[in-house]
Amino acid sequence: MNTSLSDAIEFFIGAFIELAVLFIVISFLVELIQWWLPTEKVQRILSGNKGYAVAVALGVVTPFCSCSTLPMTTGLIRANAPFGPIMAFLLTSPLLNPYIVGLFAISFGITITLVYGLSVIIFALGSGMVLSRFNFARFVRAELVSGCASSGCSKETEKSAFSILYFAQRAVKQWLQFLPYIIIGVLVGAVIHGFIPHQWIAELQFIHPLILIPVLAVLSLLLYVRASTMVPIALSLVGKGLSMGAVMSLTIAGAGASLSELIMMKKMFHWPLLAAFLVVVFSTACVTGWTLLLLGF
């Protein structure tokens with residue numbers, strides 16, 4: 001068996017098991033939270049302008065990758081939480097948490113970390129407000145919106161309020177609904193991981209930095225990585241001569257979205273919202289990269 005195929009298979013098995021465990025555990029916790037916090041309370045907490053701040057703060061304290069953010073997002077949608085804060089959470093969660101911030105500060109310094117953090121927060125808040133203003137909530141799939149907001153579901157939850165087995169069954173059921181999308185998404189990620197090595201990205205360093213930043217953002221959307229995983233890759237690329245702006249664009253786009261995540265999100269959203277999400281991640285990556293470039297990094 002050649003190395004590329006072996007790497008792809010190893011990635012598929014590892015990523016599938018990791019996502020399965022994370023998805024079920026997070027879904028289970030979301031079910032518990034939804035029982036503990038009634039729908040009306042979730043709506044109240046995330047309503048108004050303060051709801052955006054709460055959503056971003058929730059994203060900061062949940063160290064999920066782009067794919068494992070989706071169960072929490074699904075739970076918020078089913079709780080009929082305001083759409084804008086949901087989108088702010090969806091962007092913030094995979095890109096900001098105390099571990100990533102600490103790793104960035106140690107690896108790249110305080111200034112770069114501040115630019116990174118502020119860019120993510122500003123774009124998360126801004127995109128949530130803009131998408132809400134233009135009613136992109138209509139592109140959330142109807143079956144997801146009507147989920148646990150129905151009276152039948154509420155009564156069923158009430159009957160089984162203290163049954164851990166019930167919540168576990170609901171978590172597994174939700175995972176099974178996403179399973180075909182998860183398999184396809186992880187398979188795509190495995191093929192890319194096994195047959196497209198990261199090293200060749202360093203060979204693009206001779207492209208003008210202003211152009212290289214969006215090019216790397218587009219290429220990075222094909223990858224499936226955590227922001228924390230991107231830091232060692234980023235350090236090696238900087239060492240090979242890539243500008244910090246280009247590396248930051250690669251990091252944000254790769255961790256903020258991926259083909260694997262988009263395939264899973266197709267279960268939740270219609271194409272216009274998927275496209276808008278991609279534009280937001282791409283814009284965050286490019287603007288952050290260009291900012292660092294202008295600052296001389």
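Sequence order sets the numbering: in each chain, residues are counted from 1 along the sequence as written. At least 70 in pLDDT is required for a residue's local features to be given in this predicted model, at least 80 for side-chain atom pairs to be given and counted, and no such filter applies to totals for whole chains, interfaces and linings, which use all residues. For side-chain calculations, the full set of non-hydrogen atoms in the structure is used, while hydrogens and water are omitted.

### Concerning the overall build of the protein chain
Then step 1. Counting from the N terminus, the helices are DSSP H or I runs at least four residues long and the strands are E runs at least two residues long. Counting its regular elements, the protein chain contains 15 helices and zero strands.
Then step 2. When checking whether two residues touch, look at their non-hydrogen atoms; a contact exists if any pair is within 4.5 Å. Looking at the protein chain alone, contacts between residues at least 24 apart form 85% of all its contacts between residues at least 6 apart.
Then step 3. Per-residue and other accessible areas were derived by the Shrake-Rupley procedure at a 1.4 Å probe size, with only the shown protein chains allowed to occlude residues. About 13,400 Å² of surface is accessible on the protein chain, with carbon and sulfur atoms providing 72% of the total.

### A short note on the packing of helix α3 (residues 48-61) against helix α7 (residues 110-133)
Then step 1. The geometry of α3 relative to α7 is characterised by a closest axis approach of 10 Å and an angle of 130° between their N-to-C directions. For the element pair α3 / α7, the angle class is oblique. Between α3 and α7 lies a crossing of right-handed hand. Facing α3, whose interface residues are Y52, A53 and V56, α7 presents I121, L125, G128, M129 and S132. Convention adopted: a line fitted to C-alpha atoms gives each axis, helices being fitted over their contacting stretch, and angles between N-to-C directions are expressed from 0 to 180 degrees. Any angle from 65 to 115 degrees is called roughly perpendicular, while one under 35 is roughly parallel, one over 145 is roughly antiparallel, and all others are oblique. Whether a crossing is left-handed or right-handed is set by the direction in which the near helix is turned from the far one by less than a right angle, anticlockwise for left-handed and clockwise for right-handed.

### Quick notes on a nonpolar patch on the surface
Then step 1. Patches draw on residues past 30% relative accessible area with no salt bridge. Two like charges within 9 Å are joined, as are two nonpolar side chains (Val, Leu, Ile, Met, Phe, Trp, Tyr) within 5 Å. One side-chain nitrogen of Lys or Arg within 4 Å of one carboxyl oxygen of Asp or Glu is enough to make a salt bridge. There is a patch of nonpolar side chains on the surface, built from L5, I9, I13, I17, V21, V25, L29 and I33 and spanning about 650 Å² of accessible area.
Then step 2. Tracing the chain through its elements places L29 in helix α1 (residues 3-36).
Then step 3. For L29, a relative accessible area of 45% puts it in the partly exposed group. The cut-offs for exposure are 20% and 50% of the maximum accessible area for each residue type, with area from a 1.4 Å probe on protein chains only; residues under the lower value are buried, those over the upper are exposed, and the others partly exposed.

### Overview of the packing of aromatic side chains
Then step 1. Pairs were defined over the aromatic rings of Phe, Tyr and Trp, the Trp ring being its six-membered one, requiring ring centres within 6.5 Å. Orientation was assigned from the angle between planes: stacked under 30 degrees, edge-to-face over 60, tilted for the rest. Taken as a whole and judged by the stated rule, the model has five aromatic pairs.
Then step 2. Where F16 meets W175, the ring centres are 6.3 Å apart and the plane angle is 55°; that geometry is what we call tilted. Here F16 is found in helix α1, whereas its partner W175 is found in helix α10 (residues 164-195), with 159 residues between them in sequence.
Then step 3. You can call F16 partly exposed: its relative accessible area is 22%.
Then step 4. For the pair F104 and Y116, a centre-to-centre distance of 4.4 Å together with 20° between the ring planes defines the contact as stacked. With F104 in helix α6 (residues 98-108) and Y116 in helix α7, this residue pair connects regions lying twelve residues apart in the sequence. Y116 shares its class with F104; the two are buried.

### Some details on the packing of helix α5 (residues 83-92) against α7
Then step 1. Here α5 crosses α7 at 150°, and the two axes come no closer than 8 Å. The angle between α5 and α7 falls in the class roughly antiparallel. Crossing of α5 over α7 shows right-handed handedness. In this structure, α5 contributes F83, G84, M87, A88, L91 and T92 to the contact, and α7 contributes V120, F123, A124, S127, G128, L131 and S132.
Then step 2. Three classes are used: nonpolar for Ala, Val, Leu, Ile, Met, Phe, Trp, Tyr, Cys and Pro, charged for Asp, Glu, Lys and Arg, and polar for all others, with Gly counted as polar. Tallied by class, residues from the contact of α5 with α7 come to eight nonpolar, five polar and no charged.

### Topic: the side chain of S220
Then step 1. Mapped onto the elements of the fold, S220 is located in helix α11 (residues 209-220).
Then step 2. Beyond its immediate stretch of four places on either side in the chain, S220 contacts L250, A253, G254 and A257.

### So, helix α15 (residues 271-294)
Then step 1. With 24 residues, α15 extends 34 Å from end C-alpha to end C-alpha; this agrees with the ideal 34 Å at 1.5 Å per step.
Then step 2. Taken residue by residue, α15 has L273, L274, A276, F277, V280, V281, T284, A285, C286, T288, G289 and L292 as its buried positions.
Then step 3. In this structure, the buried side of α15 is in contact with α5, α7, α11, α13 (244-256) and α14 (259-265).
Then step 4. With its phi angle positive at about 95°, G296 sits one or two positions after the end of α15. The length a helix should cover is 1.5 Å for every residue beyond the first.

### A short note on the confidence of the model for the protein chain
Then step 1. In this model, the protein chain carries a mean pLDDT of 81, and residues with pLDDT of at least 70 account for 84%.
Then step 2. For every residue, the pLDDT score states the predictor's confidence, bounded by 0 at the bottom and 100 at the top. Here residues 149-161 is a poorly scored stretch, pLDDT under 50, and it has 13 contacts once near neighbours within four places are set aside; other chains count.

### Concerning helix α4 (residues 70-78)
Then step 1. The buried count for α4 comes to nine of nine residues, which makes it a mostly enclosed element.
Then step 2. Along α4, the residues that are buried comprise L70, P71, M72, T73, T74, G75, L76, I77 and R78.
Then step 3. Phi for N80, located one or two positions after α4, is positive at around 60°.

### Observations concerning the nonpolar core
Then step 1. In this structure, Y116, F269 and L273 are the most contacted members of the largest nonpolar core, which totals 81 residues.
Then step 2. Among the elements that line this core, the one with the most residues is α15, at nine residues. Remark: nonpolar core denotes a set of buried residues (Ala, Val, Leu, Ile, Met, Phe, Trp, Tyr, Cys) joined through side-chain atoms within 4.5 Å.

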